[in-house]
Amino acid sequence: PPLYKQRYQFIKDLVGKYKPKKVADLGCADCTLLQMLKFCSSIEVLAGLDICTSVMKENMHRLSPLPGDYLQPAERPLTVTLHQGSVAHKDPCMLGFDLVTCIELIEHLEQSELMKFPEVVFGFMAPRIVVISTPNFEFNALLPNKALFRHPDHKFEWNQAQFQSWALETARRYDYSVEFTGVGHPPTGMENVGFCTQIGVFVRKYPQTCESAQSEKPTEAVYKMVFRAVY
Ligand code: SAM
């Protein structure tokens, strides 16, 4: 299957393993991953965030309940929301999540946004699990496209050592553990190149932030809700 489907399948498998109730997808773009996650039975709250409203709206209708969803209500409640905003800014609507996914997002961030990102996601949102995927620069030599980066909007592409040192430092600072994996295997004999997409899975080391601790995080709402569906 194409690489993007392998990334989404990786998230689906992780949802199957950890059974999160509340999942947020940061940089959700056209909401393809959210559409897939809608069918995961553990999920009761699903939120998407992107800086670009128009890309979120392209297929937004697919997140709406179908007539059959009303005729045969699911066993569990499900609320799906979409928000316009930046991962460089904190908003209370992103508190209390179990799993936060950032698929092919960080390489699109300006340096100033990338600097704020760890504090927003790991410090403020502080979900139990964070998944971050990003291109592995070392794999580019094996790709037909000989441009420096895989996409003109990429601000950087990190090799394995660069991604891992950033991830380890972030995990250390915010008290998470991190494990590295990826999708898109290198050819036999070239294993040292690593996966085409590198993935870090971060797990919070300290216990659940209780409601009271969350209310001690007074922040003004800055994101704009652009969609809400209740199943
Ligand atoms: N996660 C999706 C996927 O895997 O198919 C889409 C990834 S797309 C390559 C990167 C997305 O990040 C774009 O939709 C872009 O608008 C969004 N983005 C860029 N900067 C952002 C920011 N500061 N905050 C939130 N989203 C941002």
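One structure accompanies this document, and this report is about it.

Criteria and thresholds
Residues numbered from 1 in each chain as written. Predicted model: local features only at pLDDT ≥ 70, side-chain atom pairs only at ≥ 80, totals over all residues. Heavy atoms only, no water. Pairing = 2+ DSSP bridges. Helix = DSSP H or I, 4+ residues; strand = E, 2+ residues; numbered from the N terminus. Axes fitted to C-alpha atoms, helices over the stretch in contact; angles between N-to-C directions. Contact = heavy atoms within 4.5 Å. Buried < 20%, exposed > 50% of the residue type's maximum accessible area, 1.4 Å probe, protein only.

With that out of the way, let us pick up the sheet that holds strand β6 (residues 176-183). Taken together, 8 strands build an open sheet; the order of strands is β6-β7-β5-β4-β1-β2-β3-β8 and the sheet is mixed. Of all strands in the sheet, those with a lone pairing partner are β6 and β8 (224-230), marking the two edges. When the angles between neighbouring strand axes are averaged without regard to direction, this sheet yields 15 degrees. Pairing analysis gives 6 bridges linking strand β2 (residues 45-50) to strand β3 (residues 79-84), with the strands arranged parallel. In the sheet register, Asp50 faces β3, and the bridge partner there is Gln84. The sheet contacts of helix α5 (residues 111-125) involve β1 (22-26), β4 (99-103), β5 (129-135), β6 and β7 (197-204), and relative to β5 the element is tilted by about 160 degrees.

A word on unusual backbone geometry. Even without being a glycine, Cys31 presents a positive backbone phi close to 70 degrees. Position of Cys31 relative to the elements: it lies in the loop between β1 and α2 (32-37). On the basis of relative accessible area, Cys31 is assigned to the buried category, the value being 0%. A positive phi angle, close to 50 degrees, is found at Glu104, a residue other than glycine.

Bear in mind that shape data such as this cannot, by itself, settle questions of function.
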